[in-house]
Amino acid sequence: MKKLFAIALLVAAGSLLHAAPPAKAAAHPAGAKADVSKMRAVDAVPYFRFENFTTANGLPDNHVFSVLVDRDRVWAGTENGLAVYENGAWKTYTTADGLAHRAVLSLALDKKTGDVWAGTMGGLSRVSGGRIDSFTQLNSGLSNDVVYGVAVDGESVWTATAAGASRLDLKTDRWTLYNERNTPMNEIWVYSVSATPTKVYLAVWGSGLLEYDQKTGRWDKYDDPDGETEMVLFKDQGLIHEIVTSVSYVDNILWAATYFGDSRYDGRYWHNFLTKDSGLPSNFTNVVKGLDANRAWFGTDKGLAYYDGTNWAVYRPSMKDGKPEMTVRDAQGNINPVQVTSAPAHNYVLGIDFQGEDIWVATAKGLSHGIRQHP
């Protein structure tokens, strides 16, 4: 039942929507993280001018599940193919080119080779020098053909699938499967993976977070101590919810997104974020991207959110009239509206990546390029 619900959410991601707002200039100073506690909240957070891409601009589909920046190129995983934006134009790869499935859910870059790995609804594809090779349960050791997440760490390609996780050793072509038999996961529906040279984290639907120690090969598990509820009974109680949708491990800090709030874990203390006590626009969070120990971006069903360790900023089309909207919440909980003339293409945010100071955002109604604005 849980799986059917989530599949419906993915599909619904592209069918909710209303037209993207116009994208014009909005300028203001960017924030510097070191002094945010001493700055006005509206001066501490970054400002962007958003340009939005849809089928009218060459995208193969407006339903964009994932986005990946590769230097000057930007890859978009859409409902109808994998697209790459280069030199001002879009090129699309489809199943006719060898793509495993038309719906591309996740993307990862092998920085060593330049290969792009695409997790799809029908297998895993590798784009290398314009050639596409695809891996499925029938021709490889992939644990399941529905690949929600993919990450590259050195010679390993990790996948988060609808039936556990799998790891491809690029040196030996050997696959290793991880499921309820050899890990502490109760559910085997893995939604996201974050891989580093020291730790690998899996976000598991209904089974919390799993941690893999690359050195020892041991697994550890983080659960919501009160089960599948979003209540926070006491400070530092642990993971906010068992249904984890995204994980990001950076600077030894674990950022986790769920459909019932978000969590940050520094190895000793947990901090949970809910709409009632933070600047999150919604507890329903599809994706989290940590920048460092203090800063992170959140993609929710009600907008794009940024947290600098003190202040929050939300970028979205207004929930009332669809007009571009930006709000800033300070440490005291004061919310200040900021006048802007552009916003991401839609409130339902599914993917985030960065290009220098710019941000790219995959939404259910187009791909957005947030161009950083300075005074």
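Before any of the text, the structure's been laid out above.
Okay, so let's go over this structure. (Residues numbered from 1 in each chain as written. Predicted model: local features only at pLDDT ≥ 70, side-chain atom pairs only at ≥ 80, totals over all residues. Heavy atoms only, no water.)

**Quick notes on the overall build of the chain**
Consideration 1: Tallying secondary structure elements over the chain gives two helices and 30 strands in all.
Consideration 2: Burial status across the chain gives 59% buried among its 375 residues.
Consideration 3: Summed over all atoms, the accessible surface of the chain reaches about 15,700 Å², with 48% contributed by carbon and sulfur. (Helix = DSSP H or I, 4+ residues; strand = E, 2+ residues; numbered from the N terminus. Buried < 20%, exposed > 50% of the residue type's maximum accessible area, 1.4 Å probe, protein only. Areas by Shrake-Rupley, 256 points an atom, 1.4 Å probe, with all protein chains shown as cover.)

**A few points about the sheet that holds strand 2 (residues 64-70)**
Consideration 1: The strand order 2-3-4-5 describes an open sheet built from four strands, whose pairing is antiparallel. The open sheet terminates on both sides in strands that have one partner only, identified here as strand 2 and strand 5 (89-93). Going from strand to strand, the sheet's axes swing by 20 degrees on average, the running direction of each strand aside.
Consideration 2: Summarising the sheet, strand 2 and strand 3 (residues 73-78) pair through six bridges and their orientation is antiparallel. Bridge pairing in strand 3 places Val69 opposite Val74. (Pairing = 2+ DSSP bridges. Axes fitted to C-alpha atoms, helices over the stretch in contact; angles between N-to-C directions.)

**Some points on the environment of Lys323**
Consideration 1: Inspection of the secondary structure assignment puts Lys323 in the loop between strand 25 (312-317) and strand 26 (324-329).
Consideration 2: The exposed category is assigned to Lys323, whose relative accessible area is 54%.
Consideration 3: Sequence separation of Lys323 and Val340 is 17 residues, and the distance between their C-alpha atoms is 9.2 Å.

**A closer look at the environment of His241**
Consideration 1: Looking at where His241 falls in the secondary structure, it is placed in the loop between strand 17 (219-222) and strand 18 (244-250).
Consideration 2: Since its relative accessible area comes to 1%, His241 is described here as buried.
Consideration 3: For the pair His241 and Asp223, spaced 18 residues apart in sequence, the C-alpha to C-alpha distance is 7.4 Å.

**Here's the deal with the packing of aromatic side chains**
Consideration 1: Tallied over the entire structure, the rule returns 38 aromatic pairs.
Consideration 2: Judged by centre distance (5.8 Å) and plane angle (25 degrees), the rings of Trp117 and Phe135 are stacked. Residue Trp117 is located in strand 7 (residues 116-120), and its partner Phe135 is located in strand 9 (residues 131-135); the two are separated by 18 residues in the primary sequence. There is no split in this pair, since Trp117 and Phe135 are both buried.
Consideration 3: A ring pair is formed by Phe135 and Trp175, whose centres lie 6.0 Å apart and whose planes are at 55 degrees; its orientation type is tilted. Pair noted here: Phe135 is in strand 9 and Trp175 is in strand 13 (residues 174-178), with a separation of 40 residues, a long-range link.
Consideration 4: Given the relative accessible area of 15%, Phe135 is considered buried.
Consideration 5: Put simply, the rings of Tyr148, Trp189, Tyr191, Trp205, Tyr259, Phe284 and Tyr348 pair up and form one aromatic cluster.
Consideration 6: The cationic tip of Arg264 hangs over the ring face of Trp255; the distance from NZ or CZ to the ring centre is 5.6 Å. (Phe/Tyr/Trp six-rings, centres within 6.5 Å; stacked < 30°, edge-to-face > 60°. Lys NZ or Arg CZ within 6 Å of the ring centre and 35° of its normal.)

**A word on the nonpolar core**
Consideration 1: Counting residues in hydrophobic clusters, the biggest one holds 20 residues, and the most contacted among them are Val45, Trp297, Leu304, Tyr315, Met326, Val328 and Ile359.
Consideration 2: Every element with two or more residues in this core is listed here: helix 2 (41-44), strand 1 (47-53), strand 24 (303-307), strand 25, strand 26, strand 28 (349-355) and strand 29 (358-363).
Consideration 3: Looking at this core, the element that brings in the most residues is strand 1, giving three residues. (Core = buried A, V, L, I, M, F, W, Y, C linked by side-chain atoms within 4.5 Å.)

**Some details on the pairing of strand 19 (residues 253-258)**
Consideration 1: Summarising burial for strand 19: six of the six residues are buried, a large majority.
Consideration 2: A two-sided burial pattern is seen for strand 19, the buried positions comprising Ile253, Trp255 and Ala257 on one face and Leu254, Ala256 and Thr258 on the other.
Consideration 3: Adjacent in sequence and paired antiparallel, strand 18 and strand 19 are bridged by two residues, among which Asp251 carries a positive phi angle near 50 degrees.
Consideration 4: Inspection of the sheet shows strand 19 paired to strand 20 (residues 261-265) by five bridges, in the antiparallel sense. Bridge pairing in strand 20 places Trp255 opposite Arg264.
Consideration 5: Remark: two residues form the turn of the hairpin made by strand 19 and strand 20, two consecutive strands paired antiparallel.

**Brief notes about unusual backbone geometry**
Consideration 1: Positive phi, normally seen in glycine, also occurs at Arg71, with a value near 55 degrees.
Consideration 2: As for its placement among the helices and strands, Arg71 is situated in the loop between strand 2 and strand 3.
Consideration 3: Note on Arg71: relative accessible area 66%, which makes it exposed.
Consideration 4: One non-glycine residue, Asn252, lies in the positive phi region at around 60 degrees.
Consideration 5: Locating Asn252 in the fold gives a position in the loop between strand 18 and strand 19.
Consideration 6: Looking at Asn252, the relative accessible area reads 55%, which means it is exposed.

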